[in-house]
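# Summary of the model geometry
So the chains spell out like this:
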Amino acid sequence: MQRPTTRACYISFRQLHIANVHTASSYNTEPNNLLNQVRVLSNRGHLQEALSIFYTQTQAQNHQTYATLFHACARHRSLHEGISLHHHMLSHNPTNPFDLFVTNHLINMYCKFGYVDYAHHLFDEMPRRNLVSWTALISGYAQQGRADECFLLFSIMLVEYYPNEFAVASVLSSCFGERGRQVHALALKLALDSCVYVANALITMYSKSTSFGCMYNDDKDEAWSLFKTMQVRNLVSWNSVVAGFQIRGLGTQAMNLFTQMHREGTGFDRATLLSVFSSLYGSESNGNKQVDDVTSSSLKFCFQLHCLTIKTGFISEIEITTALVKSYFDIGGDIGNCYRIFMETSTSHRDIVSWTSIITALAERDPEEALFLFCQLRREDLIPDWYTFSIALKACAGLVTERHAMAVHSQVIKAGFEGDTILANALIHAYARCGNIALTKQVFDEMEFRDLVSWNSLLKAHALHGKAREALQLFWQMNLQPDPTTFVALLSACSHAELVDEGIIIFDSMVGKYGIVPQLDHYACMVDILGRSGRVLEAAELINRMPMKPDSVVWSTLLGSCRKHGKTSLANFAADKLKELEPGNSLGYVQMSNIYSSSGNFNKAGLIRNEMNGSSVRKEPGLSWVEIGNQVHEFASGGRCHPEREVIFRQLEGFVGKLKEIGYVPETSLALHDIEEEQKEEQLYCHSEKLALIFAIMNERSLCYGGRIIRINKNIRICVDCHNFMKLASDMLKKEIVVRDANRFHHFKGGVCSCNDYW
């Protein structure tokens, strides 16, 4: 289905063509064999043949034949042929280069190909213009998204002509807000609002004029009100409303309207389905359902749409398949369904967009599989674009293995994208997540052009690796205006390095110096900065002064500070708030149990654990990963599943003995109180990161950098005992041990940690 703006020019030129055939004396109204031949061939898609016949004619051709061919070039997206034809016309008709009828078609053709500035040049050179001339150029600006020029041209046109419905629909497609209302008022005065093209454009305009995610009110929705009052509707009208709900994040309304369309037999097309698929992730609870219920409803609707696309045959269209895969992924569906849909698509239909879609779906949940598919598409001789490479680098960041990031980096260079800023930003993020801050800096230093994302990514990398001073120095070197993300990175860096005064100064400068209003993330960082340093009551006061409702991150941050500094009463309050917001989160229970255990109140700690079990809340198990050679090994606490468990524990026992000789004392205060001290120590030895370290030592020759650096990834925060263990181990082994936990990177070297024990 053509967009209203596109159809505007086409229909206007058809009408003008018919009028000229019957009224213009300058054109040959007798049957013309060449004109008929050209028209028939171009209508059947044989443009090259039509042009070949035209160029072989020796006699001068009339303007109508040129106009027909220019129109055919625009319709068949043949820019080169259109330009050649234009040159031919200028060389063979030097005396009258600006015939009104032909120039209108030329303007239309160049606008269709995006050459709006040249079309405007032709427009300015015309000795005479009509409404079609103005409408064609207005439509061209609208299609290119150049709203200011479009609105200005439309305003100038009003001095000479009353607009028709196509001009109004075109300008409406490029404006919103007050400008859109002005055009609407004009349409009402000219009685053009009843035209279906104008009404459809008004629906889209009012949908774009409404903020995303705003509270929906059926009675005050101008787009919906317009739709309900339309006497004549077509499929574009329905699609405009569905798309309008989608772009405003009103997924539930979009799904309900599609259900009504299907029930009433209105029908639908590809555009309808694409809008509805995009709406699934934006479905709202409206405060009446839990998030899980909404997700379940969206998944059910997605499955029904899936069945409908199969029944109607739309599943064979690659755009629909790609949208379906993305929808299943976005709403938390089974990743296996996404993969199965993709694999069932005919190999000949899989393009780089569909491959990128499935890789995107897998990048977060299964980065290893995403990278496997990235390699597969290369084997099928598909050429990745910059977006595909950026998703592959995102998967590398999720897999946190430097080897894969370097492999993709080499392919980026081979593909000629080395100077692409977006890919360089993705590389900065990937290397930072993989633990190599040196390569992160190298990519940044070699960039020819750095945008704000580049600077923010490097600031985040320094914050993640505990290099707060370096982050602050970078900030003063920035030659761009910072944004809210910049300050999240800076405040996060300060919170991990006990730079309390610096953090307060930066927070205060957001509004005072840069005019940026702090959001939840900034307040969470400030609560962390104050709380970690022992100023827990100040952190609590800051939460009370926040202009917005605290989220779970704010309360969990305060809770962690209370645990560190023994503020039991305030910790209880924060834990209760956290349980209200996230009933299934074990953090509140675990932290309170640890607080009571640290203070020797084992009875209350036991009650907390019983409450947690009674609520069916399960603590996330500790997992660690280490890459040996080309394989990533996973360890759970206790190492029960690893095939070399017995050997690892024998090595660990000897290693612990050597560490004790240089001062290692197991931190048993948080272990269960009703077991012997020896058993408490054995529990600590089973922590997953210790097992991963021993296994890495056993396979030293297969480690990166000749075994000088041991990299371990962990899914939860490293405990006090493991932190002490790694410090002493780095000194004894004379190696750098890098542990990435849920919060940050810890670089252990020579018996000290990059966090200075402030984590």
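Remember, it's a predicted structure, so these values are computed and weren't measured experimentally. Every chain is numbered on its own, with residues counted from 1 as its sequence reads. For a predicted model such as this one, the threshold for reporting local features is a pLDDT of at least 70, and the threshold for listing and counting side-chain atom pairs is 80 or more; totals across whole chains, interfaces and linings nevertheless cover every residue. Note: side-chain values were computed over all heavy atoms of the structure, leaving out hydrogens and water.

Along the backbone of the protein there are 39 helices and six strands. For every residue, the accessible area obtained with a 1.4 Å probe (protein chains only) is divided by the maximum for its type, and the residue is called buried under 20%, exposed over 50%, and partly exposed between those limits. Every one of the 759 residues in the protein was classed for burial, and the buried ones make up 50%. Within the protein, counting contacts between residues at least 6 apart in sequence, those at least 24 apart form 64% of the total. Total accessible area on the protein is roughly 36200 Å²; 51% of this is exposed by carbon and sulfur atoms. Helix and strand definitions here come from DSSP, where helices need a minimum of 4 consecutive H or I residues and strands a minimum of 2 consecutive E residues; each element is numbered from the N-terminal end. Residues are treated as being in contact if the distance between any of their heavy atoms lies within 4.5 Å. Note on areas: these come from Shrake-Rupley sampling with a 1.4 Å probe, and a residue is covered only by the protein chains present in the view.

So, about the packing of aromatic side chains. Classification of ring pairs uses Phe, Tyr and Trp, with its six-membered ring standing for Trp, and accepts pairs whose centres are within 6.5 Å; under 30 degrees between planes counts as stacked, over 60 as edge-to-face, and the remaining range as tilted. All chains considered together, the criterion is met by 24 aromatic pairs. For the pair Tyr110 and Tyr118, a centre-to-centre distance of 4.8 Å together with 80° between the ring planes defines the contact as edge-to-face. Tyr110 gets classed as buried once you look at its relative accessible area, which sits at 5%. Two limits define a charge over a ring: the Lys NZ or Arg CZ must be within 6 Å of the ring centre, and within 35 degrees of the ring normal. For the cation-ring pair, Lys579 lies above Tyr589, with the distance from its terminal atom to the ring centre recorded as 4.4 Å.

A few words on the UniProt feature "repeat: PPR" (unreviewed entry) in the protein. UniProt positions are given in the numbering used here, feature names are shortened, and annotations may be inferred rather than shown by experiment. Here the UniProt feature "repeat: PPR" (unreviewed entry) sits at residues 99-133 and 420-454. Secondary structure content for residues 99-133 is 74% helix and 0% strand, while the C-alpha to C-alpha distance between its ends is 12 Å. Helix and strand shares over residues 420-454 are 74% and 0% respectively, and the end C-alpha atoms of the span are 11 Å apart.

Turning to the packing of helix α7 (residues 116-125) against helix α8 (residues 131-143), a few remarks are in order. Their axes nearest at 10 Å, the elements α7 and α8 cross at an angle of 160°. Our classification of the angle between α7 and α8 gives roughly antiparallel. With respect to the hand of their crossing, α7 and α8 are arranged in left-handed fashion. Residues Val116, Asp117, Ala119, His120 and Phe123 of α7 touch α8, and the partners they reach there are Ser133, Trp134, Leu137, Gly140 and Tyr141. For the contact of α7 with α8, a count of residues per class yields six nonpolar, three polar and one charged. In this analysis, axes come from line fits to C-alpha atoms, helices being fitted only over the stretch in contact, and the angle between any two N-to-C directions falls in the range 0 to 180 degrees. Roughly parallel covers angles under 35 degrees, roughly antiparallel covers those over 145, roughly perpendicular covers 65 to 115, and oblique covers all other angles. Helix crossings are classified by the rotation of the near helix relative to the far one: an anticlockwise turn of less than a right angle makes the crossing left-handed, while a clockwise turn makes it right-handed. Three classes are used, and their members are as follows: Ala, Val, Leu, Ile, Met, Phe, Trp, Tyr, Cys and Pro are nonpolar, Asp, Glu, Lys and Arg are charged, and the others, Gly among them, are polar.

By the criterion of burial, strand β1 (residues 623-628) is predominantly enclosed, with five of the six residues buried. Relative to strand β2 (residues 631-636), β1 runs antiparallel, the two sharing six bridges. Bridged to Ile628 within β2 is Gln631. Where β1 hands over to β2, the hairpin turn is made up of two residues, of which Gly629 adopts a positive phi near 65°. Pairs of strands are assigned from DSSP output, requiring at least two bridges between the strands.

Ile107, Leu137, Val408 and Leu558 are the most contacted members of the largest nonpolar core, which totals 187 residues. Once residues within four sequence positions are removed from consideration, Ile107 is found in contact with Ala119, Leu122, Phe123, Met126, Ala136 and Leu137. The next biggest cluster of nonpolar side chains, apart from the first, holds 29 residues, and it includes Ile694, Ile710, Cys722 and Cys755. Residue types Ala, Val, Leu, Ile, Met, Phe, Trp, Tyr and Cys, when buried and joined through side-chain atoms within 4.5 Å, form a set referred to as a nonpolar core.

When a carboxyl oxygen of Asp or Glu lies within 4 Å of a side-chain nitrogen of Lys or Arg, that pair is called a salt bridge. In this structure the tally under the stated criterion is 19 salt bridges. Taking the shortest distance from any N to any O, the salt bridge between Arg146 and Asp117 comes out at 2.9 Å. Of the two residues, Arg146 sits in the loop between α8 and α9 (147-157) while Asp117 sits in helix α7, which places them 29 residues apart along the sequence. For the salt bridge of Asp731 with Lys734, the shortest nitrogen-to-oxygen distance reads 3.5 Å. Judged by relative accessible area, Asp731 falls into the partly exposed class, the value being 31%.

Quick look at the confidence of the model for the protein now. Values of pLDDT, the confidence the predictor places in each residue, fall between 0 and 100. Overall, the predicted model of the protein reaches an average pLDDT of 84, with 89% of residues at or above 70. In this model, residues 284-291 is a region of pLDDT below 50 whose contacts with residues beyond four sequence positions or in other chains number nine contacts.

What follows concerns the packing of helix α23 (residues 402-414) against helix α24 (residues 421-433). At a minimum axis distance of 11 Å, the contact between α23 and α24 shows a crossing angle of 165°. Here α23 lies roughly antiparallel to α24, going by the angle between them. Read as a crossing pair, α23 and α24 show a hand that is left-handed. The residues of α24 that touch α23, namely those facing Ala405, Met406, His409 and Val412, are Leu423, Leu427, Ala430 and Tyr431. Partitioned by chemical class, the residues of the contact of α23 with α24 number seven nonpolar, one polar and no charged.

What follows covers the sheet that holds strand β3 (residues 709-714). The mixed open sheet is built from six strands, whose spatial order is β2-β1-β3-β4-β5-β6. The open sheet terminates on both sides in strands that have one partner only, identified here as β2 and β6 (752-753). In terms of strand pairing, β1 meets β3 through two bridges, oriented antiparallel. By the bridge assignment for β3, Ser624 is matched with Lys714. Along the sheet face, helix α38 (residues 688-698) touches β1, β2, β3 and β4 (736-740) and points at about 15° away from the line of β1. Relative to strand β5 (residues 745-749), helix α39 (residues 720-733) is tilted by about 40°, and along the sheet it contacts β3, β4, β5 and β6.

To estimate how far a helix should reach, multiply one less than its number of residues by 1.5 Å. Here helix α30 (residues 520-532) contains 13 residues, and its C-alpha end-to-end distance of 18 Å stays within 8% of the 18 Å for a straight helix at 1.5 Å per residue. Taking burial as the measure, the 13 residues of α30 include eleven buried ones, the bulk of the element. Buried within α30 are the following residues: His522, Tyr523, Ala524, Cys525, Met526, Val527, Asp528, Ile529, Leu530, Gly531 and Arg532. Backbone geometry just downstream of α30 places Gly534 in the positive-phi region, at approximately 100°.

Next up on the list: the side chain of Ser174. Mapped onto the fold, Ser174 is located in the loop between α10 (165-172) and α11 (177-189). N or O atoms closer than or at 3.5 Å make up a polar contact, with two conditions inside protein: a donor-capable atom paired with an acceptor-capable one, and, for residues adjacent in sequence, both atoms drawn from side chains. Among the polar contacts made by the side chain of Ser174, one reaches the main-chain carbonyl oxygen of Val171 at a distance of 3.1 Å. Excluding residues within four positions of it along the chain, Ser174 makes contact with Ala142, Ala147, Cys150 and Lys208.

A surface patch of nonpolar side chains, amounting to about 280 Å² of accessible area, comprises Trp386, Tyr387 and Ile422. Along the chain, Trp386 turns up in helix α22 (residues 386-399). Here Trp386 falls in the partly exposed class, since its relative accessible area comes to 35%. Residues qualify for a patch when their relative accessible area is over 30% and they have no salt bridge, like charges being joined within 9 Å and the nonpolar side chains of Val, Leu, Ile, Met, Phe, Trp and Tyr within 5 Å.

Disulfides are defined as cysteine sulfur pairs within 2.5 Å. The final tally for this structure, using the stated rule, is zero disulfides. Among the cysteines around Cys722, which has no disulfide bond, Cys719 carries the closest sulfur, lying 3.5 Å off. Residue Cys722 is classed as buried on the basis of its relative accessible area of 0%.

A few words now on the side chain of Thr421. Following the sequence through the fold, Thr421 ends up in helix α24. Residues contacting Thr421, with those up to four places away along its chain left out, are Met447, Phe449, Asp451 and Ser454.

Turning to a negative patch on the surface, a few remarks are in order. In this charge count, Lys and Arg are treated as positive and Asp and Glu as negative; neither His nor the chain ends contribute. One atom stands in for each charge, and that atom is NZ of Lys, CZ of Arg, CG of Asp or CD of Glu. Together, Glu418, Asp445, Glu446 and Glu448 line one region of the surface with negative charge. Of note, Glu418 is situated in the loop between α23 and α24.

Our focus in this paragraph is the environment of Ala169. By secondary structure assignment, the location of Ala169 is in helix α10. Through-space distance from the C-alpha of Ala169 to that of Ser139 is 8.8 Å; in sequence the pair is 30 residues apart.

Moving on to α9. Three or more residues of α9 are buried, namely Cys150, Phe151, Leu153, Phe154 and Met157. In an axial view of α9, the angular spread of the buried residues amounts to 165°, which keeps them on one side of the axis. Set apart from the buried face of α9 by more than 90 degrees, the exposed residues are Asp148 and Leu152. Contacts from the buried residues of α9 go to α7, α8, α10 and α11. The arc refers to the directions leading from the helix axis to the C-beta atoms.

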